[in-house]
Amino acid sequence: MKVTRDIIFDTETTGMDKNDDRLIEIGGVELIDHFPTGKTFHVYINPDGKSVHPEALQVHGISDDFLKDKPVFADVVDDLLAFFDGARWIAHNAAFDMGFINVELGRLGKPPIDQEMVVDTLALARRKHPMGPNSLDALCKRYSIDNAHRTKHGALLDAELLAEVYIEMSGGRQAAFRLVNAGSADEYDSDGNLRKLPPLVRPRPLASRVHADEVEAHAKMLAEIGDKALWNSVSDK
């Protein structure tokens, strides 16, 4: 059975311009077949001299003073890539988060993350709920996910909430209860298209609980019903 590994993640930044502003926080939650494993990644990042814009500070509350003793991106990039290795990168409005990450990688001479490995939950939500709204807060409300503790944005907190939303959008936790080499739930592929999984196939048939005499009696009943049905059809003509 193929195992699906996803990292639901979020970022916080000094501002909105990926080419000028910098990453200051990354948080990620690991899912295996839509179930949280308990493994997380979380780091604050020194923006290397770039100040946090006042508007951004109001959103996440992460100050310049708080960040001054944190590691720079070059010091955390290997741990980041190791945690995400082989997994899909799943974020809400992923173009924003991936834009900042890929620019930071480029500054270090590292290749960007392959777009094929990225899933945008905002695009999924817009397909699933075209009338919206589809913000993270709105989706939490739609799926009855408690986010009362979310007074400000935080990368790990938002990733944890998004993981719950993503599980619900993908069919709920029961979607992961599948038999070997099969599935029974609908899923979204990496392009956000809904696809049908193959029907469930039991790897080993269950032993029959019907006795031989019951089989014989049932066969006789069917034979009698068949004869009567044939006679009635002839009489009707």
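Residues numbered from 1 in each chain as written. Predicted model: local features only at pLDDT ≥ 70, side-chain atom pairs only at ≥ 80, totals over all residues. Heavy atoms only, no water.

A look at the overall build of the protein
So, point 1. Helix and strand counts for the protein stand at 8 helices and 7 strands.
So, point 2. Put simply, the protein has 237 residues, and 41% of those count as buried.
So, point 3. For the protein, contacts bridging at least 24 residues in sequence account for 63% of all contacts bridging at least 6.
So, point 4. Carbon and sulfur atoms make up 54% of the accessible area of the protein, which totals about 14000 Å². (Helix = DSSP H or I, 4+ residues; strand = E, 2+ residues; numbered from the N terminus. Buried < 20%, exposed > 50% of the residue type's maximum accessible area, 1.4 Å probe, protein only. Contact = heavy atoms within 4.5 Å. Areas by Shrake-Rupley, 256 points an atom, 1.4 Å probe, with all protein chains shown as cover.)

Here we look at the confidence of the model for the protein
So, point 1. On average, residues of the protein score 83 in pLDDT, and 74% of them reach the 70 mark or higher.
So, point 2. Note on residues 230-237: pLDDT under 50 across the span, and 0 contacts to partners over four residues away in sequence or across chains. (pLDDT = per-residue confidence, 0-100.)

Quick look at the pairing of strand β1 (residues 5-13)
So, point 1. Burial of β1 is extensive: 8 of the 9 residues sit out of reach of the surface.
So, point 2. Relative to strand β4 (residues 88-91), β1 runs parallel, the two sharing 3 bridges. Bridging from a neighbouring strand, D6 pairs with R88 of β4. (Pairing = 2+ DSSP bridges.)

Structural notes on a negative patch on the surface
So, point 1. Taken together, the side chains of D146, E160, E164 and E168 present a region of like negative charge at the surface.
So, point 2. Mapped onto the fold, D146 is located in the loop between α6 (136-142) and α7 (155-169).
So, point 3. For D146, a relative accessible area of 56% translates into the label exposed. (Patch = residues over 30% accessible without salt bridge, like charges linked within 9 Å, V, L, I, M, F, W, Y side chains within 5 Å. Salt bridge = Lys/Arg side-chain N within 4 Å of Asp/Glu carboxyl O. Lys, Arg positive; Asp, Glu negative; His and termini not counted. Charge placed at Lys NZ, Arg CZ, Asp CG, Glu CD.)

Structural notes on the layout of surface pockets
Taking a probe equal in size to a water molecule and rolling it over the atoms shows the remaining empty space.
So, point 1. In this structure, the largest pocket spans a volume of roughly 530 Å³.
So, point 2. Mapped by element, the contributors of at least two residues to the lining of the largest pocket are β1, α1 (54-60), α4 (94-107), α6 and α7.
So, point 3. Here the lining of the largest pocket gets 5 residues from one element, more than from any other, and that element is β1. (1 Å grid on protein atoms, 1.4 Å probe; cavity = no way out; pocket = protein on both sides within 12 Å on 5 of 7 lines; lining within 4 Å. Points joined across faces, edges and corners; volume = space filled by probe spheres on them.)

With respect to the environment of H34
So, point 1. Residue position: H34 is located in the loop between β2 (23-32) and β3 (35-44).
So, point 2. Under the relative-accessibility criterion, H34 is labelled buried at 2%.
So, point 3. Note: C-alpha distance between H34 and A163 (129 residues apart in sequence) is 8.5 Å.

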